[in-house]
Amino acid sequence: MSSTFVSDSWVIARRGLKHMRRQPEALSDATIQPVMFVLLFAFVFGGAIAVPGGGSYKEFLMGGIFAQTIVFGAFGVAMSLSNDRNNGAIDRFHSLPIPRASVLAGHSVANLIRALLPIAFMSVTGFVVGWRIHTGILEILGAYGLMLAFSFAVIWIGVLLGSLVPTPEAVQGVAFVAIFPITFIASTFVPTSTLPGVLKTIAEWNPTSSLANALRHLFGNPGGVAPADAVWPLAHPIAYTLIWAIAIVVICAPLAVMQYQRSIRS
């Protein structure tokens, strides 16, 4: 049974990967959009934003762009699952003699591989505009490993959203309203110290901020060292990010599976 589950899940995953290759326009959020954000913020806003403690804004920016794009990954997962629910693909899968769990597993694998694309594109674009890594190989591997871990967690938010919302159009509206503010009320593009009142508090405890700051720390970029009076999430960004990643999987994965099963029965 386990070998059947693995092989069937990989078949579903390969289907998703082939769709990406045959519909490159559907990958704009994973390729063109991150590159645009890097270029726009680096050259349009970079000269107007000062990094506390000094340093290159372009290097400060990259941790935030990585974090924002990874959180946006939930949108792509939700869209692909919602499309399959509405075009009859899910019904066809479940009419086949395959484990039902392999459908979700295949989607998860395909989207985890898909998450590598924006990370690779942003890395290359960052080096072109002046981003540099100032740490050793272990820190670099830790940074990319952290990005993959958080990407995996975000996938389950996307699965839950894709199972709850009935149409791709509705997914797009809900994802924009719910996810977009999370990535901006954070230290993605500006230091949290520049935000006023309540927004500053939200940003300090936002896992998007901790992911961005953890990457800055691991890459040796400006903003990676928290001030002495920083709140716990900013003082321990790697630990706080991992706590969030684990919590998201533990909470969202069972809920996503239950809601998915409920949605295919309705």
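For the structure, check the block above.
Here the structure is a predicted model, which means the values were calculated and not measured. (Residues numbered from 1 in each chain as written. Predicted model: local features only at pLDDT ≥ 70, side-chain atom pairs only at ≥ 80, totals over all residues. Heavy atoms only, no water.)

## Focus: the overall build of the protein
Here comes step 1: Summing up its helical and strand segments, the protein has 11 helices and zero strands in all.
Here comes step 2: A compact globule built from 266 residues would reach a C-alpha radius of gyration of about 18 Å, and the protein, at 19 Å, matches this within 12%.
Here comes step 3: Dimensions of the protein, computed from the C-alpha atoms along their principal axes, are close to 60 × 35 × 35 Å.
Here comes step 4: Counting contacts in the protein only where the partners sit at least 6 residues apart, residues at least 24 apart contribute 81% of the total.
Here comes step 5: Counting only carbon and sulfur atoms, one obtains 71% of the accessible surface of the protein, whose full area is about 12,600 Å². (Helix = DSSP H or I, 4+ residues; strand = E, 2+ residues; numbered from the N terminus. Rg over C-alpha atoms; globule rule 2.2 N^0.38 Å. Contact = heavy atoms within 4.5 Å. Areas by Shrake-Rupley, 256 points an atom, 1.4 Å probe, with all protein chains shown as cover.)

## Thoughts on the packing of helix α2 (residues 32-45) against helix α3 (residues 57-86)
Here comes step 1: Viewed as axis vectors pointing N to C, α2 and α3 meet at an angle of 150°, and their least axial separation amounts to 10 Å. With respect to their mutual orientation, α2 and α3 come out roughly antiparallel. Note that α2 runs across α3; the crossing there is right-handed. Of the residues in α3, those in contact with Gln33, Pro34, Phe37, Val38, Phe41, Ala42 and Phe43 of α2 are Tyr57, Lys58, Leu61, Met62, Ile65, Gln68, Thr69 and Phe72.
Here comes step 2: Taken together, the residues that form the contact of α2 with α3 break down as 11 nonpolar, three polar and one charged. (Axes fitted to C-alpha atoms, helices over the stretch in contact; angles between N-to-C directions. Parallel < 35°, antiparallel > 145°, perpendicular 65-115°, else oblique. Left-handed = near helix turned anticlockwise from the far one by under 90°. Nonpolar A, V, L, I, M, F, W, Y, C, P; charged D, E, K, R; others polar.)

## Quick word on the environment of Leu17
Here comes step 1: Mapped onto the elements, Leu17 comes out in helix α1 (residues 2-22).
Here comes step 2: Residue classification places Leu17 among the partly exposed positions, given a relative accessible area of 23%.
Here comes step 3: Separated by 154 residues in the primary sequence, Leu17 and Val171 place their C-alpha atoms 21 Å from one another. (Buried < 20%, exposed > 50% of the residue type's maximum accessible area, 1.4 Å probe, protein only.)

## Overview of the nonpolar core
General note: in soluble globular proteins, nonpolar side chains tend to be found buried as a group.
Here comes step 1: If you look at the biggest cluster of nonpolar residues, it comprises 59 residues, and the most contacted ones within it are Phe66, Phe150, Val159 and Phe219.
Here comes step 2: Per element, the largest residue contribution to this core is 15 residues, and it comes from α3.
Here comes step 3: The residues touching Phe150, leaving out its near neighbours within four places in the chain, are Ile70, Val71, Pro207, Leu211, Thr241, Trp244, Ala245 and Ile248. (Core = buried A, V, L, I, M, F, W, Y, C linked by side-chain atoms within 4.5 Å.)

## Regarding α3
Here comes step 1: Over its 30 residues, α3 runs 44 Å from end to end, which matches the ideal 44 Å to within 8%, given 1.5 Å per residue.
Here comes step 2: Taking burial as the measure, the 30 residues of α3 include 23 buried ones, the bulk of the element.
Here comes step 3: The N-capping residue of α3, defined by a side-chain oxygen 3.2 Å from the backbone nitrogen of Lys58, is Ser56.
Here comes step 4: Of the residues one or two after α3, Gly88 is the one with positive phi, at around 90°. (Expected span 1.5 Å × (residues − 1). Polar contact = N/O pair within 3.5 Å; in protein donor to acceptor, adjacent residues only side chain to side chain.)

## Things to note about the packing of aromatic side chains
Here comes step 1: The tally for this structure, following the rule as stated, stands at 17 aromatic pairs.
Here comes step 2: One aromatic cluster is present, formed by Phe37, Phe41, Phe72, Phe180, Phe184 and Phe189 through successive ring pairs.
Here comes step 3: Over the ring of Phe60 we find Arg216, and its NZ or CZ is 3.7 Å from the ring centre. (Phe/Tyr/Trp six-rings, centres within 6.5 Å; stacked < 30°, edge-to-face > 60°. Lys NZ or Arg CZ within 6 Å of the ring centre and 35° of its normal.)

## Quick notes on α2
Here comes step 1: The terminal C-alpha atoms of α2 lie 19 Å apart, and with 14 residues this matches the ideal 20 Å at 1.5 Å per residue to within 8%.
Here comes step 2: Taken residue by residue, α2 has Pro34, Val35, Phe37, Val38, Phe41 and Ala42 as its buried positions. Buried residues in α2, looked at end-on, bunch into an arc of 160°, giving them a common side. For α2, the exposed residues set more than 90 degrees away from the buried face come down to Ile32, Phe43 and Val44.
Here comes step 3: Those residues of α2 that are buried are in contact with α3, α5 (101-129) and α7 (168-184). (Arc of directions from axis to C-beta.)

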